[in-house]
Amino acid sequence: MWRPIPWFRNTSFKRKLFVYSLVISLLPVILTGTVLASMAAAAIQDEVNQNQQIILQEMQRQVDSFWAGLDKASIQLANHRALEQAVQLGPSGKYLNEMLELEEAIRKQRSISEFQYDVSVIFLKFGKVFSSKHGFIELNEFAHRNIIDRIPPHFRSEIIAPDTYPGQNELLYLRPVPIFSDMQGSGILVLHIEKDKLADFAAHVPLGGNRKLYVFDEKGVVLISRTPGEIGTRPALFAGGLPRNYSGEPAETDIGGETYQLTVRQSDYTRWTHVAMTPKKELTRQADRIQVTTFGIVLLLAAFWVLVARFGSTRLYGPVQHLLQRLLPASREDSSAGTSNEWHALDAYVTGMLQTNEQLRRQLNEQSPYLKETIVQQLLRGEINSNEAERVRQTFGFQLRGSRYAVCLLDIDDYARFQQLYQDKDRSLMMFALRKMTEEVFEEWFSCASGISMPGQMVLIVGLEKGDAALENLLLTAQKFLDTSAKYFQFTVTIACSHPVLTYRDINDAYREARDLLGYRLLYGPGKLLTPQQVTPTENQLASDLIKREKQIVTAVMQGKADEGAEQLREWVRDMPQVVRHFNGALGLFAHLIGELVLYMQELELAPPEVFGEDPYKRLYEMATMNEVAEWLAGTVFPSIAERLELAHTGKQQRMAAEVIRYIHNHFDTDLSLQQLADRLRVSPSQLSRMFKEETGMNFIDYLIRFRMDKAKEWLAHTEMPIKDIAERLSYTSVQNFTRVFKQYEQLPPGEYRKRFRGD
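So, here is what we can say about the structure in this document. Just so we're clear, the structure is a prediction, and the values are computed from it rather than from any experiment. (Residues numbered from 1 in each chain as written. Predicted model: local features only at pLDDT ≥ 70, side-chain atom pairs only at ≥ 80, totals over all residues. Heavy atoms only, no water.)

## A closer look at the packing of helix α23 (residues 700-718) against helix α26 (residues 750-758)
- At a closest axis distance of 9 Å, the pairing of α23 and α26 adopts a crossing angle of 55 degrees. The angle between α23 and α26 falls in the class oblique. Considering the relative orientation of α23 and α26, their crossing is right-handed. Taken together, the residues of α26 that come into contact with α23 (itself represented by Lys713, Trp715, Leu716, Ala717 and His718) are Pro750, Tyr753, Arg754, Phe757 and Arg758. (Axes fitted to C-alpha atoms, helices over the stretch in contact; angles between N-to-C directions. Helix = DSSP H or I, 4+ residues; strand = E, 2+ residues; numbered from the N terminus. Parallel < 35°, antiparallel > 145°, perpendicular 65-115°, else oblique. Left-handed = near helix turned anticlockwise from the far one by under 90°. Contact = heavy atoms within 4.5 Å.)

Rendered as structure tokens:
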């Protein structure tokens, strides 16, 4: 934190006012001058950069024109009738006229070209070469015989930069003759352009000043430069790779202690990269002159504002001192230093008050979307009494109108099937739609507050007036909602409504009552309205026992005890008629049992369709008797689950190790960690590490580093990727760290490995 110097902290307020006035006066002048100078310099610099782009564009145009002319000449020659006949007939005295016509065609084409080049025609079938420079010679005497042997059988054109092969000091442009043949051509046309000719061409490009020019091909080799010795090489300046800044923004580099500005442009015609380098001092000379002039004017204005600040601080000090004495009377007898302290105290007081208000306002805005939901949860837990309710009403405006309150729980029937029908995002949308429909239906008649009590379940607190009519209206509205939801949703909903209670504190009891009522859904079936008047004490006890025994069956089956679960199921079915009045109710109990089994299987990553088939509920409702359902579950489903549990236990370790290896191979270029994979596979890091080492014989981190080093060796041996890029792709923070690890595993640095592998 910034702390003022002791002299300034203890000085009088009048002096501080002078200092502040001086800063306030000078700061706009300095900032304005700086901004104007920067804007003027930037404008001029932009104009210079634009001119630089225009020059580079002109250079590109001339290079493209040069190459287009060369391309056109090669096509016209390779497609010329005389050339096609000559390479097919061969160089012999028998076809003297054709050979003379060949020479005449080459001479005419060279005479009309704007650029100087030599031409060679290779007669592949006859082992002869006709050169505009040497005449007819044997193919073995041709200077570039080794290059011809490396040309693929079927090619359209080939450009070979100078010095690509030993003894090759010229640029070669090759085309097959005839040019459009699908078979192996009879001959090859070669255009020769010497380095000096390329340098002369670059020297005539109007760059101006001391600019340097480079034209690179796709491999980063210099094709055109003003210096012949640089043609056919990869300059040390671009040893790290060609510049890829094609957006037009200039870059900078230092050569021999002088800074150059690089402008890069790529040709759409040739895909070559054009680089122009200009000394920066030539580009910024005029902008620097403007900045010096502007800062001189700023200094004069600053001196003027020093006088203004001196006079203004003296005039302003009197009213400020009077204000401080009115607000802080105890400071009248104090010194100027005391006045300063009182001003700081007042400033601290106001600042603290503003900060507190801003913090409270921000917290209130952040919490407002969740406020109503939080209050509903507190009401359900019984955490709000009458006094708290009054505070909530006055502070946040939350109030349920009515003299009584009822709690309605809306629970999705067969939540397991609901999860199969909809994905995570779709489930959230369906719950949102269900909640909106609930609010629209109930809020038309009642004062309501809704919330989500658990997945697939929504709670509704309803304010009621006195009398039975209000409660009857509530039940009619709930039934109306059930009828409406059945039309628009593919799932059914059960509603449990409690007795009305009198206070906010009693809402917790009403919530527990509604939650208990949901247990009777097994007796009455899905999609029903459950109220306390429907349930008798005897049914309550029998239903609780039935639900408890169902959980025992599920537990036994999911522990692999299929026989024990089957025996308990048969006893459960035998006692079911004491509680269930209709076969549809029994089907509801069986459907709930299947849903519990499906949920457990999904948690253990087992595939329910492999056990039940595509739709177990459809198969359930096709059966006619409870005994038929029981035999299907006990004889087919329970043993199948036990068998898959045993297989899952024995193969889990192998599958996890294979999953870890597959994930490493697909994501080795990211920041992988054992914790990340453990979270993905839902096991602890220590457990995953132990299983992986038992299966592979290696620790997780050793396997990951070994795989990354193998990738690094592959890239070093077979690509031109810089070592810096390899380190970044393998998620190393620096080249030094990558080099250290590589040397530790391979006993030599990456660069030395690349040289030894390639035999350099």
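Here the narrative resumes, following the displayed structure.
## Concerning the pattern of salt bridges
- Scanning the entire structure with this criterion turns up 21 salt bridges.
- A salt bridge links lysine 724 to glutamate 728, with the nearest nitrogen and oxygen atoms 2.6 Å apart. Pair noted here: lysine 724 and glutamate 728 are both in helix α24 (residues 723-729), with a separation of 4 residues, about one helical turn.
- By relative accessible area, lysine 724 is classed as partly exposed at 48%. (Salt bridge = Lys/Arg side-chain N within 4 Å of Asp/Glu carboxyl O. Buried < 20%, exposed > 50% of the residue type's maximum accessible area, 1.4 Å probe, protein only.)

## Digging into the side chain of glutamate 170
- You can see glutamate 170 is positioned in strand β5 (residues 170-177).
- Notably, glutamate 170 is buried but unbridged: the nearest opposite-charge side chain belongs to lysine 133, and the N-O separation is 5.3 Å.
- At 2.8 Å, the side chain of glutamate 170 forms a polar contact with the side chain of histidine 192.
- Excluding its chain neighbours within four sequence positions, the residues that come into contact with glutamate 170 are His144, Ile160, Ala161, Pro162, His192, Ile193 and Glu194. (Lys, Arg positive; Asp, Glu negative; His and termini not counted. Polar contact = N/O pair within 3.5 Å; in protein donor to acceptor, adjacent residues only side chain to side chain.)

## Focus: the pairing of strand β15 (residues 493-497)
- Counting buried positions over the 5 residues of β15 gives 5, a clear majority of the element.
- With burial as the criterion, each face of β15 is covered, one bearing Val493, Ile495 and Cys497 and the other bearing Thr494 and Ala496.
- Pairing analysis gives 2 bridges linking β15 to strand β16 (residues 529-530), with the strands arranged parallel. Note on β16: the bridge partner recorded for alanine 496 is leucine 530. (Pairing = 2+ DSSP bridges.)

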